[in-house]
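# Survey of secondary and tertiary structure
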Amino acid sequence: MTTLTHRGRRAEAGRNLDKKPDSEEDAAADKDLNEDDPDDSKDIRLTLMEEVLLLGLKDKEGYTSFWNDCISSGLRGGILIELALRGRIRLEPLSIRKKRLLERKVLLKSDAPTGDVLLDETLRHIKATESAETVQTWIELLTGETWNPFKLQYQLRNVRERIAKALVEKGILTTEKQNFLLFDMTTHPVSNATEKQRLVKKLQESMLERWVNDPHRMDRRTLALLVLAHSSDVLENIFASLADDKYNVAMNRTKDLLEMDPEVEAAKARGTEMIWAVLAAFNKS
């Protein structure tokens with residue numbers, strides 16, 4: 001859906017738990033979220049969707065780029081990954097007929113409420129379907145990209161606004177009204193710049209000072225956020241503040257990471273299958 005590209009002025013340089021786990025994958029998915037990212041234990045806990053939207057928002061203007069047509073589906077992919085990391089859903093097991101990530105259906109593992117309205121609404125949709133669907137199909141259904149009128153009921157509406165309101169409640173955004181000549185629009189400027197800077201710095205360091213050259217040694221939420229930032233076309237916002245040399249290093253390492261074969265990487269470490277499945281879905285789009 002998106003392609004990893006360098007900025008024009010740098011293009012030249014850029015070229016040169018609810019259920020007792022019954023498998024290794026379930027055990028990994030049921031781990032406490034704080035264990036994935038111990039550095040965040042004293043910070044405000046954000047969902048992946050909130051982090052992606054925060055990365056995409058213009059700090060002062062309080063809205064995402066009008067040219068970004070990827071973030072809506074990227075946020076839906078984030079919902080699926082968040083649910084998987086919380087042990088609520090998983091991919092069906094490998095079989096002779098279904099070996100590839102995009103062929104395997106999303107299965108409900110637990111319908112216990114998460115406390116997040118978007119996550120819980122998605123859980124209800126997954127539970128209500130008569131037949132299981134794939135990751136790619138669920139992203140399309142949740143976004144409303146379906147020709148089947150009977151499946152439009154699965155569309156999540158006003159997702160960006162609902163996520164923004166959650167960030168307002170957490171003290172990270174504020175709410176304003178802006179006039180755009182022909183219409184008024186509700187915007188959400190960043191009020192807690194420290195939290196956004198912390199998020200950006202964490203991701204920058206994961207590609208620079210803390211680079212491990214192995215996605216399976218990264219904490220899962222950081223890996224997921226990089227995949228979602230790419231899928232939502234907000235990756236540039238993470239590295240924009242870096243000096244040219246560090247920018248090129250970070251972008252090249254991220255490019256190498258995102259060009260790995262999702263099928264191969266998902267088979268190496270259980271508990272990350274949903275992350276790689278979402279990447280595979282966007283690569284195919």
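Figured I'd write up the structure that's included with this text. (Residues numbered from 1 in each chain as written. Predicted model: local features only at pLDDT ≥ 70, side-chain atom pairs only at ≥ 80, totals over all residues. Heavy atoms only, no water.)

### Brief notes about the overall build of the protein
From N to C terminus, the protein includes 14 helices and 4 strands. When each of the 285 residues of the protein is scored for burial, the buried share is 53%. (Helix = DSSP H or I, 4+ residues; strand = E, 2+ residues; numbered from the N terminus. Buried < 20%, exposed > 50% of the residue type's maximum accessible area, 1.4 Å probe, protein only.)

### Considerations on unusual backbone geometry
In terms of backbone geometry, most residues other than glycine have negative phi values and most peptide bonds are trans. Here Asn213, not a glycine, exhibits a phi torsion of approximately 60°, which is positive. Summarising the element assignment, Asn213 is placed in the loop between helix H9 (193-207) and helix H10 (220-231). Of note in the backbone geometry, Asp233 takes a positive phi value of approximately 60° without being a glycine. By relative accessible area, Asp233 is classed as partly exposed at 44%.

### Re the side chain of Glu273
As for its placement among the helices and strands, Glu273 is situated in helix H14 (residues 273-284). Relative accessible area serves as the criterion here: at 5%, Glu273 is assigned to the buried category. A polar contact of 3.2 Å, which involves the side chain of Glu273, links it to the side chain of Arg104. (Polar contact = N/O pair within 3.5 Å; in protein donor to acceptor, adjacent residues only side chain to side chain.)

### Comments concerning the packing of aromatic side chains
For the structure shown, the criterion picks out 1 aromatic pair. When the centroid spacing of 5.7 Å and the interplanar angle of 70° are considered together, the rings of Trp138 and Tyr154 count as edge-to-face. Pair noted here: Trp138 is in helix H7 (residues 135-143) and Tyr154 is in the loop between H7 and helix H8 (159-169), with a separation of 16 residues, a long-range link. The class for Trp138 is buried, based on a relative accessible area of 0%. Taking relative accessible area as the criterion, Tyr154 reaches 9% and is therefore assigned buried. (Phe/Tyr/Trp six-rings, centres within 6.5 Å; stacked < 30°, edge-to-face > 60°.)

### Looking at H9
Between its first and last C-alpha atoms H9 spans 22 Å; for 15 residues at 1.5 Å apiece the expected length is 21 Å, and the two agree. For H9, the secondary structure elements touched by its buried residues are helix H4 (48-56), H10, helix H11 (235-239) and helix H12 (244-258). (Expected span 1.5 Å × (residues − 1). Contact = heavy atoms within 4.5 Å.)

### As for the side chain of Thr129
Along the chain, Thr129 turns up in the loop between helix H6 (117-128) and H7. The exposure class of Thr129 is buried, given its relative accessible area of 16%. Separated by 2.8 Å, the side chain of Thr129 and the backbone oxygen of Ile126 make a polar contact. Sequence-distant contacts of Thr129, that is, excluding residues within four places in its chain, are made with Trp138 and Tyr154.

### Quick word on the packing of H9 against H10
Taken N-terminus to C-terminus, the directions of H9 and H10 make an angle of 100°; their axes are 11 Å apart at the nearest point. Looking at the two axes, H9 sits roughly perpendicular to H10. Counting all contacts with H9, which are made through Leu199, Lys202, Leu203, Ser206 and Met207, the residues of H10 involved are Thr222, Leu225 and Leu226. Among the residues forming the contact of H9 with H10, the class breakdown is 5 nonpolar, 2 polar and 1 charged. (Axes fitted to C-alpha atoms, helices over the stretch in contact; angles between N-to-C directions. Parallel < 35°, antiparallel > 145°, perpendicular 65-115°, else oblique. Nonpolar A, V, L, I, M, F, W, Y, C, P; charged D, E, K, R; others polar.)

### As for the nonpolar core
Looking at soluble globular proteins, one finds that nonpolar side chains tend to be buried together. Among the nonpolar cores identified, the biggest contains 72 residues, and Ile81, Ile89, Val135, Phe239 and Met274 are the most heavily contacted of them. Among the elements that make up this core, the one with the highest residue count is H14 (9 residues). Beyond its immediate stretch of four places on either side in the chain, Ile81 contacts Leu48, Ala224, Leu228, Met274, Ile275 and Val278. (Core = buried A, V, L, I, M, F, W, Y, C linked by side-chain atoms within 4.5 Å.)

### Looking at the packing of H10 against H14
Where H10 contacts H14, the axes come no closer than 10 Å and their chain directions differ by 10°. Put simply, H10 runs roughly parallel to H14. Packed against H10, whose contacting residues are Arg220, Leu223, Ala224, Val227, Leu228, His230 and Ser231, the element H14 presents Ile275, Trp276, Val278, Leu279, Phe282 and Asn283 at the interface.

### Quick notes on the pattern of salt bridges
Scanning all chains against the criterion turns up 13 salt bridges. A salt bridge links Lys127 to Asp111; the nearest nitrogen and oxygen atoms lie 2.6 Å apart. Of this pair, Lys127 sits in helix H6 while Asp111 sits in the loop between strand E2 (106-108) and H6, and the two are 16 residues apart along the sequence. When the shortest N-O distance is used, the salt bridge between Glu265 and Lys268 registers 3.5 Å. Of the two residues, Glu265 and Lys268 are both situated in helix H13 (residues 262-268); the distance of 3 residues between them amounts to about one turn of the helix. Bridged by salt links that share partners, the residues Glu82, Arg86 and Arg221 form one connected network. (Salt bridge = Lys/Arg side-chain N within 4 Å of Asp/Glu carboxyl O.)

Fair warning: the whole summary comes from geometry, so function is off the table for now.
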